[in-house]
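Architecture and fold: a report
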Amino acid sequence: MADYKLPIMILGTGAEARIALDIANAHDILVYGFITSEESELRKEMNDILVVAELGSEDGDTLLKDENIKMVLAEADLEQRELLSEQLATHSSEVINLIHPLSRISPFSQLGKGNVVNAGTMIMPNAEIGDFNWIGCHASIGADAVIGDYCNIMDGARIGEGVIIERQVYISAGAIIQKGVRIGEKVMIAPGAVVMTDIPDGSTAFGNPAQVSK
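Bear in mind the structure is a predicted one, so any value in this text is a computation, not a measurement.

**Here we look at the pattern of salt bridges**
Counted according to the given criterion, the structure contains 6 salt bridges. A salt bridge links Glu94 to Lys70, with the nearest nitrogen and oxygen atoms 3.4 Å apart. Of this pair, Glu94 sits in strand S6 (residues 94-95) while Lys70 sits in strand S5 (residues 70-73), placing them 24 residues apart in sequence. Between Arg167 and Glu82 there is a salt bridge; the shortest N-O distance is 2.5 Å. Remark: Glu82 occurs in helix H3 (residues 78-88) and Arg167 occurs in the loop between strand S18 (164-165) and strand S19 (170-171); sequence separation between them is 85 residues. For Arg167, a relative accessible area of 25% gives the class partly exposed. Using a relative accessible area of 16% as the deciding quantity, one classes Glu82 as buried. Beyond isolated ion pairs, a larger network of salt bridges with shared partners links Glu82, Arg167 and Glu185.

What follows is the structure, given as structure tokens:
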């Protein structure tokens, strides 16, 4: 599901970028450096790897056009992640999935591009994962589940069989989405919530069983 023969650049400088670096190290992937959207972070070191360029700068554009370097997008904020992915789409560099070797992904599942999958995660057969999602440690995604683009499925979250999750959804740590539920676009599921019914677009759900507020 991923080709790690070429060095990678990590787009981002927050905690997610450092986690992506750890996953890359677990594969012995050469990480060329980090790209930042903040000029003040240039030339800083993060876990011994340099922030080498600013997004939108001449150096940044040169790196994004280098077909010998692959890109990993590691940005926590869902809307910002979408904006960054749109900028990447204007360049020739390939954005790859970064998957921890201690995760378990069925060969019968489907992953788009730009996803980061952390250690201990399980993705069951015929699950469909879209683009640019962040899947935390020890999360599980059930068979036939469908995950849209730009979602966060955080640590320990449980996504049941046949669940449908639309784009820009944030599933907090320890939340449980029961079998067959649909989660609408731009929904936030609170930590530990147990979702047993469909959640409409733009809502927040919390509690056990989960209740909805706009």
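**Quick look at the nonpolar core**
Judged by nonpolar contacts, the single largest core of 31 residues is most densely connected at Ile141, Ile159, Ile165, Ile171, Ile177, Ile183 and Ile189. Look past the residues within four positions of Ile141 in its chain and what remains in contact with it is Met122, Ile123, Met124, Ala127, Ile129, Ile135, Ile147 and Ile159. With 20 residues, the next largest nonpolar core counts Ala17, Ile49, Val72 and Ile96 among its residues.

**Here's the deal with the pairing of strand S2 (residues 31-36)**
Across a regular strand the side chains alternate sides, sitting on one face of the sheet and then on the other. Of all 6 residues in S2, 5 are buried, a share of seventy percent or more. For strand S1 (residues 8-11) and S2, the ladder comprises 4 bridges, and the chain directions are parallel. Note that in S2 the partner of Leu11 across the bridge is Ile35. Taking the sense of rotation as the criterion, the β-α-β connection linking S1, helix H1 (residues 15-26) and S2 turns out right-handed. Sheet topology places S2 next to strand S4 (residues 49-54); 3 bridges connect them, and they run parallel. What sits directly across from Thr36, in S4, is Glu54.

**Observations regarding the sheet that holds S2**
If you walk across this open sheet you meet the 6 strands as S3-S4-S2-S1-S5-S6, and the pairing is mixed. In the strand order of this sheet, the two ends are held by strand S3 (45-46) and S6, each with one partner. Packing of H3 onto the sheet brings it into contact with S1, S5 and S6, and relative to S5 it is tilted by some 165°.

Rules used in this analysis
Residues numbered from 1 in each chain as written. Predicted model: local features only at pLDDT ≥ 70, side-chain atom pairs only at ≥ 80, totals over all residues. Heavy atoms only, no water. Salt bridge = Lys/Arg side-chain N within 4 Å of Asp/Glu carboxyl O. Helix = DSSP H or I, 4+ residues; strand = E, 2+ residues; numbered from the N terminus. Buried < 20%, exposed > 50% of the residue type's maximum accessible area, 1.4 Å probe, protein only. Core = buried A, V, L, I, M, F, W, Y, C linked by side-chain atoms within 4.5 Å. Contact = heavy atoms within 4.5 Å. Pairing = 2+ DSSP bridges. Right-handed = clockwise from strand over helix to strand, strands pointing away. Axes fitted to C-alpha atoms, helices over the stretch in contact; angles between N-to-C directions.

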